[in-house]
Amino acid sequence: MPINKSFGGRNRSVDTHGGRLPPGQSLTDGFPVLTNGPSPRPGSLADWRLSLKVGPRPVASWSWSEFQALPQTEQVVDIHCVTTWSKFDTRWRGVALDTLLAAAGLQTPPTPWVLVHAQDGYSTNLPLADLVQGRAMIATHFDDKPLAHEHGGPARLLVPHLYFWKSAKWVNGLQFTEKNEAGFWELRGYHMRGDPFKEERYG
Ligand SMILES: Nc1nc2c(c(=O)[nH]1)N[C@H]1C(S)=C(S)[C@@H](COP(=O)(O)O)O[C@H]1N2
Ligand SMILES: [Mo]
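Definitions and cut-offs
- Residues numbered from 1 in each chain as written.
- Chains lettered and ligands numbered in written order.
- Predicted model: local features only at pLDDT ≥ 70, side-chain atom pairs only at ≥ 80, totals over all residues.
- Heavy atoms only, no water.
- Helix = DSSP H or I, 4+ residues; strand = E, 2+ residues; numbered from the N terminus.
- Rg over C-alpha atoms; globule rule 2.2 N^0.38 Å.
- Buried < 20%, exposed > 50% of the residue type's maximum accessible area, 1.4 Å probe, protein only.
- Contact = heavy atoms within 4.5 Å.
- Areas by Shrake-Rupley, 256 points an atom, 1.4 Å probe, with all protein chains shown as cover.
- Lys, Arg positive; Asp, Glu negative; His and termini not counted.
- Charge placed at Lys NZ, Arg CZ, Asp CG, Glu CD.
- Near = heavy atom within 4 Å.
- Polar contact = N/O pair within 3.5 Å; in protein donor to acceptor, adjacent residues only side chain to side chain.
- 1 Å grid on protein atoms, 1.4 Å probe; cavity = no way out; pocket = protein on both sides within 12 Å on 5 of 7 lines; lining within 4 Å.
- Sits in = over half its atoms within 2 Å of the grid points.
- Nonpolar A, V, L, I, M, F, W, Y, C, P; charged D, E, K, R; others polar.
- Points joined across faces, edges and corners; volume = space filled by probe spheres on them.
- Core = buried A, V, L, I, M, F, W, Y, C linked by side-chain atoms within 4.5 Å.
- Pairing = 2+ DSSP bridges.
- Axes fitted to C-alpha atoms, helices over the stretch in contact; angles between N-to-C directions.

**Some details on the overall build of the protein**
Step number 1: Across its full length, the protein carries 3 helices and 11 strands.
Step number 2: Relative to its length of 203 residues, the protein is compact, with a C-alpha radius of gyration of 18 Å against a globular reference of 17 Å.
Step number 3: On the principal axes, the C-alpha backbone points of the protein span a range of 60 × 35 × 35 Å.
Step number 4: Counting only residues that meet the buried cut, the protein has 46% of its 203 residues in that class.
Step number 5: Put simply, of all contacts in the protein between residues at least 6 apart along the chain, 66% involve residues at least 24 apart.
Step number 6: For the protein, the exposed area adds up to about 10400 Å²; of that, 53% sits on carbon and sulfur atoms.
Step number 7: The average position of the 21 basic charges and that of the 19 acidic charges among the side chains of the protein differ by 3 Å.

Structure representation (structure tokens):
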């Protein structure tokens, strides 16, 4: 090793893994569970539903079997939680947002903003641009196994290039909004976008 990276002080000792680890983050091999409040009671897949709205207007919805019939995609990605843990090479399977929007006949986006809703009352807001072009999916599998309930199973949003609070667990609704409406953590001071490489932790 040509350079002793810890020589210049404690901040220099951080290994960024060639720029792959965002600033202020540390790698974990585990998979921490972070839920604000109690998890929703696990329900039957027969009762599961994902709805898509434009403002208050319902435009599409899928039962579990309808959702399972949509083309699936797989992604191996790094994830980054604002509480400073990052995890490399996580493997997910599910339905790309592009696929979902096309299935809903929404090739032309009705608005540039999406508010994502979950069964536990959680919500989070994203620019549509962060959800399309292969950047996000509704994930149903982790490491080839059905997604564990504590991690948002049967289905969660996965937006790996933003802090993990944007990846809503137990997702049940996507709502196009006219304005960029703050979700649960965004209302409590978290950043409206949340890019880990820009350290967009707080708004
Ligand atoms: N529905 C719901 N989704 C949620 C949360 C939540 O409390 N409820 N917490 C968020 C936060 S802050 C993080 S860091 C990740 C944690 O996901 P994990 O428990 O699978 O690690 O889920 C996000 N999605
Ligand atoms: Mo988080």
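**Considering the site of ligand 1**
Step number 1: Neighbouring ligand 1 are 21 residues; Pro32, Asn36, His151, Arg156 and Lys169 lie closest to it.
Step number 2: One of the backbone nitrogen or oxygen atoms of Pro32 is found 2.6 Å away from an oxygen atom of ligand 1.
Step number 3: Between ligand 1 and the protein, one listed contact pairs an oxygen atom with a side-chain N or O atom of Arg156 at 2.7 Å.
Step number 4: When ligand 1 is considered free in solution it has 530 Å² of accessible area, and contact with the protein chains removes 98% of it.
Step number 5: For ligand 1, the cavity whose grid points lie within 2 Å of the majority of its atoms is the largest pocket.
Step number 6: Across the shell around ligand 1, the residue classes tally to 13 nonpolar, 4 polar and 4 charged.

**Concerning empty space enclosed by the protein**
Step number 1: Applying the stated rule across the entire model yields 1 cavity of 30 Å³ or more.
Step number 2: Every residue along the wall of the largest cavity is listed here: Leu97, Leu101, Val114, Leu128, Leu131, Leu174 and Phe176.
Step number 3: Of all the elements in the fold, those that place two or more residues in the lining of the largest cavity are α2 (97–103) and β11 (171–177).
Step number 4: When grouped by side-chain class, the residues that make up the lining of the largest cavity number 7 nonpolar, no polar and no charged.

**Let's talk about the nonpolar core**
Step number 1: Residues Leu52, Trp62, Phe67, Leu100 and Ile138 are the most contacted members of the largest nonpolar core, which totals 38 residues.
Step number 2: Counting only elements with at least two residues in this core, the list comes to β2 (49–54), β3 (57–63), α1 (64–68), α2, β6 (113–118) and β11.

**Points about the pairing of β11**
Step number 1: With 6 of 7 residues buried, β11 lies mostly within the body of the structure.
Step number 2: Bridging between β6 and β11 involves 6 bridges; their strand directions are antiparallel. Bridge pairing links Val116 to Leu174 in β11.

**A closer look at the sheet that holds β6**
Step number 1: Across the sheet, 5 strands lie side by side as β3-β2-β11-β6-β7; this open sheet has mixed pairing. Each end of this open sheet is capped by a strand with a single partner; those strands are β3 and β7 (123–127). Here the average twist between neighbouring strands, direction ignored, is 20°.

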